[in-house]
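Structure assessment
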Amino acid sequence: MSYLTLAVLLHWATAAIAPAHAGASAGAQRARPVIISTDPGIDDAIALLLALSSPELELRAIGINFGSLKNTTQLAQNALTVLALAGREDVPVYLGAERPLSQPFHDLGGPKFHGTDGLGGAYRAALPPSLAVNRSMSAAEFIVHACRHDASPKPPLLVSLAPLTNVALALNLEPRLPELCPDLYLMGGTVLAPGNVGFLSEANVANDPEAAARVLSAGFHTRVAGLDVTMATWLSHSFLASLQDLNVAGSFIWNITRFYERAHHELAGFEGGMPLHDPSTLLMFLQERSYELKRWPVWVDTSPFPSVSRGLMLPDRRGGPLSPPPPRDATVHFGMSVNATSVRQLLRARIAATSAEFE
Ligand SMILES: *[C@@H]1O[C@H](CO)[C@@H](O)[C@H](O)[C@H]1NC(C)=O
Ligand SMILES: *[C@@H]1O[C@H](CO)[C@@H](O)[C@H](O)[C@H]1NC(C)=O
Ligand SMILES: *[C@@H]1O[C@H](CO)[C@@H](O)[C@H](O)[C@H]1NC(C)=O
Ligand SMILES: *[C@@H]1O[C@H](CO)[C@@H](O)[C@H](O)[C@H]1NC(C)=O
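Residues numbered from 1 in each chain as written. Chains lettered and ligands numbered in written order. Predicted model: local features only at pLDDT ≥ 70, side-chain atom pairs only at ≥ 80, totals over all residues.

In the nomenclature of an unreviewed UniProt entry, the protein corresponds to Inosine/uridine-preferring nucleoside hydrolase domain-containing protein from the organism Durusdinium trenchii. Quoted verbatim from the Sequence similarities (unreviewed entry) heading of the UniProt record, the comment on the protein is "Belongs to the IUNH family." (UniProt positions renumbered as here; feature names shortened; annotations may be inferred.)

Okay, the site of ligand 1 next. As a structural note, the neighbourhood of ligand 1 is formed by Asn71, Thr73, Gln74 and Gln77. Among the residues forming the shell around ligand 1, the class breakdown is no nonpolar, four polar and no charged. (Near = placed C-beta within 6 Å. Nonpolar A, V, L, I, M, F, W, Y, C, P; charged D, E, K, R; others polar.)

The next subject is the sheet that holds strand E5 (residues 183-187). Note: strands within a sheet are paired through backbone hydrogen bonds, in either parallel or antiparallel orientation. Overall, mixed pairing links the eight strands, which are arranged E3-E2-E1-E4-E5-E6-E12-E9 in an open sheet. Lying at the two open borders of the sheet, with one neighbouring strand each, are strand E3 (93-94) and strand E9 (291-295). For E5 and strand E6 (residues 221-225), the ladder comprises five bridges, and the chain directions are parallel. Across the sheet, residue Tyr185 finds its bridge partner in E6, namely Arg223. (Pairing = 2+ DSSP bridges. Helix = DSSP H or I, 4+ residues; strand = E, 2+ residues; numbered from the N terminus.)

With respect to the secondary-structure elements, Ala84 resides in helix H3 (residues 72-85). A tally of 16 C-beta atoms within 10 Å means that Ala84 is categorised as partly exposed. Placed 44 residues apart in sequence, Ala84 and Pro128 show a C-alpha to C-alpha distance of 8.4 Å. Not counting the four nearest positions on each side in its chain, Ala84 is found in contact with Glu89, Leu127, Pro128 and Leu131. (Buried ≥ 20, exposed ≤ 12 C-beta atoms within 10 Å, placed from the backbone. Contact = placed C-beta atoms within 7 Å.)

On to the pairing of strand E12 (residues 332-338), then. Burial within E12 is extensive, with five of its seven residues counted as buried. In the sheet, E6 pairs with E12 via three bridges, with the strands oriented parallel. When the sheet's bridge partners are listed, Thr222 is paired in E12 with Val332. When E9 meets E12, the two strands line up antiparallel, connected through five bridges. By the bridge assignment, Tyr291 is partnered in E12 with Val338.

Pasting the structure below:
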C-alpha cells in the first residue's frame, strides 16, 4: 500500500467516523494502531501482509523476537522484505529478544519448517540500503513507549506471533502495561488439538514458557489463536495456487509457502496444503464472529527442560454447577473453533485487494 493510498484511506476513515460514543454502527471505523511482535517466518510474513492490507489496522511498528530462527538479524531482514514489497518502508522495525526470558533457547525445529533464512529460501532480492532496523529502542521499549504516549482514541493493539518474550520484557519495564494497552492477541498454545513441538505444546509457548506464563497471568484482555483454530484453518494446495496469479503479494505468498507446504508433508505427514497459524491471530480481530471463544483461567507448565509437559498451556475447562465459574480475572479467551471458509475468504480478499497498491 502506498503512503498516499494509506493517507487517503485514513482520511476517509476519519471523515466517515461517527462522533465518539455514537455506537459502532456499520461502516468505517478509525483504524486501530497495532504493534506486532514477530519472528518472520513464513506464516508471519503472510500475517504482516494481511495487517498491511487491512484498513481496520494501522501498523505502527514491528518488533523482532527470536523463534522460527535464532538469528534475529535475519528475522528483521525478513520483516523489512515484506515492508519493501508492500511499499511501507515507513513502518519501523525494532530488534527485540534474542533468547528466552530466563532459560536457554532449545531450537525446537523452526528452520525445518521455515528454511534457514526463515522464508523458505524463496526470496533473495537485496534490500535497498536505506531500509534498516531502527536501533533507537528495543522492541520492548517501543511497546512501552507507544502504550504510554500513543494519542490515538484507542490504545495500540498488541499482537504476538512469536514467543512472548518481547511482551514479558515490556511488562518488566512497565508493570501497568495491561492497563495502558489492554488488548493482546497472540498465536500460541493449544487446548484440545495435538501439539506441534510436543504432545500438547505449541512452538511459541514452548520456546519460552516462562514468558508465556508471565504474560498470560498479567491481566491483559487476551485472545488466543492456538492450534485449535490455526490447524482448522487449512489452506489447500489449490487455494495457495489460486493466490499465485492474483498480484505481487499473492505471488510472494505462493513462493514462500512452497518450502512450508513441503515440510508439512515430509515432516508432519499432511497430504497437501498448510495450516494458517499467525494470520489467524489477526483474522480473529478482523472477523471475531467467525470464532467461537471460551474464557478460562489458564496455567502454563514451566517444568525444567527437557520435559514432556514443558510449554503446556492448560486452561481450566471445568464448568457446570459443581465447578466454580472462571474467576473475574480470567480474561484469557481461547479460540476453540472457526468458520474456516469465512476467514479464508477474508484472507484472499485482502490479498487480492493489494494489487493496485503494492509496489
Ligand atoms: C544472521 O543473519 C545475517 C543476515 O542474513 C547474516 O549476515 C549472519 O551471518 C547470520 N548470523 C549467524 C550467526 O548465522
Ligand atoms: C526510530 O524510532 C524513533 C522512535 O520511534 C523515532 O523517533 C526515529 O525517528 C526513528 N528513526 C528513524 C531513522 O526512522
Ligand atoms: C515468485 O517466483 C517466481 C519464479 O521464480 C518469480 O518470477 C516471481 O517474481 C516471484 N514473486 C515474487 C513476488 O517475488
Ligand atoms: C461460514 O461462513 C460462510 C461464508 O461466510 C457462511 O456462508 C456459512 O453459513 C458459515 N457457516 C456457519 C456454520 O456459520
